[in-house]
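# Notes for the structure review
In case you want the letters, here they are:
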Amino acid sequence: MPAVLPPTPSQTVGPFYGYALPFAGGGDIAPAGHPDTVTVHGHVTDGNGDPIPDAVIETWQAAPDGSLAGRPGSLRRDPVTGGFLGRNGVDFTGFGRVATDADGHWAVRTLTPPDSVPYLAVCVFARGLMHHLATRAYFTDDITAGPLADLPAARRATLLAVAESDGLRRFDIRVQGERETVFLDFR
């Protein structure tokens, strides 16, 4: 009986994200101590409902004033040593990158997006994916306009960052299976 060989990197995307991509403070998007912070968190699960412990989640969002430019400094490098300097802790950059933990959990601390752009853009990188997955975490129930208007209500519900308490929202990402998150194609 021939031995079963494990997948090679050409067959799957990972899991090799634990080295270099996640960075200290990657989920701290809002300036430290800002009174209007909100934590968005959730779990990333596969088609069986099992946690994906080695995914990387990136988020982007508009600033509270609605601007999409963001501020530099999401990941600063020391120009002399090439080492990591981190964020300056003051500027709102709009960008975050975090790894999931052993239970598939992720979290970012940010500011509530403005009504004009009421969502976090979310990108999922995980093993078994040949290409990243893009979705959105909406902070409003009113996502019935535009390209999402034709989605059934149950599918639209997978795009909602649900308020759990003051300053805490949950956004679970299901890569496959029942209640699979709606993923967007930006080609």
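First, a word on scope: everything that follows refers to the structure included in this document. (Residues numbered from 1 in each chain as written. Predicted model: local features only at pLDDT ≥ 70, side-chain atom pairs only at ≥ 80, totals over all residues. Heavy atoms only, no water.)

As a further point, take the overall build of the protein chain. Counting its secondary structure elements, the protein chain contains 1 helix and 9 strands. Going residue by residue from the N terminus, the α and β elements of the protein chain occur as β-β-β-β-β-β-α-β-β-β. Nonlocal contacts in the protein chain, meaning residues at least 24 apart in sequence, comprise 68% of its contacts between residues at least 6 apart. (Helix = DSSP H or I, 4+ residues; strand = E, 2+ residues; numbered from the N terminus. Contact = heavy atoms within 4.5 Å.)

On to the side chain of threonine 59. The residue threonine 59 is located in strand 2 (residues 56-60) in this model. Threonine 59 gets classed as buried once you look at its relative accessible area, which sits at 1%. (Buried < 20%, exposed > 50% of the residue type's maximum accessible area, 1.4 Å probe, protein only.)

Looking now at the nonpolar core. Membership of the largest hydrophobic core comes to 26 residues, with the highest contact counts inside it found for Val40, Val44, Ile57, Trp106, Val122, Phe171 and Ile173. Elements supplying a minimum of two residues to this core: strand 1 (37-45), strand 4 (105-111), strand 5 (119-125) and strand 6 (133-138). Contact partners of valine 40, with chain neighbours within four places excluded, come to Trp106, Ala107, Val108, Thr110, Leu120, Phe139, Arg169 and Phe171. Counting residues in hydrophobic clusters, the runner-up holds 9 residues, among them Val117, Tyr119, Tyr138 and Leu159. (Core = buried A, V, L, I, M, F, W, Y, C linked by side-chain atoms within 4.5 Å.)

Let us look at the environment of phenylalanine 186. Counting through the fold element by element, phenylalanine 186 comes out in the segment after strand 9 (173-174). Contact partners of phenylalanine 186, with chain neighbours within four places excluded, come to Ala134 and Arg136.

In this section: the sheet that holds strand 2. The sheet built from 4 strands is open, its strands ordered 3-2-5-6 with antiparallel pairing. Of all strands in the sheet, those bounded by a partner on one side alone are strand 3 (95-99) and strand 6. On average, each strand axis in the sheet is tilted by 25° relative to the strand beside it, whichever way the strands run. Note that strand 2 and strand 5 share 5 bridges and pair antiparallel. From the neighbouring strand, tryptophan 60 faces strand 5, where its bridge partner is alanine 121. (Pairing = 2+ DSSP bridges. Axes fitted to C-alpha atoms, helices over the stretch in contact; angles between N-to-C directions.)

As a further point, take the packing of aromatic side chains. By the definition in use, this model includes 2 aromatic pairs. Here the aromatic rings of tryptophan 60 and phenylalanine 95 are separated by 6.1 Å at their centres, their planes lie at 45°, and the arrangement is tilted. With tryptophan 60 in strand 2 and phenylalanine 95 in strand 3, this pair connects stretches of sequence that are 35 residues apart. You can call phenylalanine 95 buried: its relative accessible area is 15%. Measuring from ring centre to ring centre gives 5.2 Å for tyrosine 119 and tyrosine 138, while their planes differ by 50°; the resulting arrangement is tilted. Taken together, the positions of tyrosine 119 in strand 5 and tyrosine 138 in strand 6 put the pair 19 residues apart, joining distant regions of the chain. The ring centre of tyrosine 119 lies 4.1 Å from the NZ or CZ of arginine 136, which sits over that ring. (Phe/Tyr/Trp six-rings, centres within 6.5 Å; stacked < 30°, edge-to-face > 60°. Lys NZ or Arg CZ within 6 Å of the ring centre and 35° of its normal.)

Spatial relationships are all this shows, so hold off on functional conclusions.
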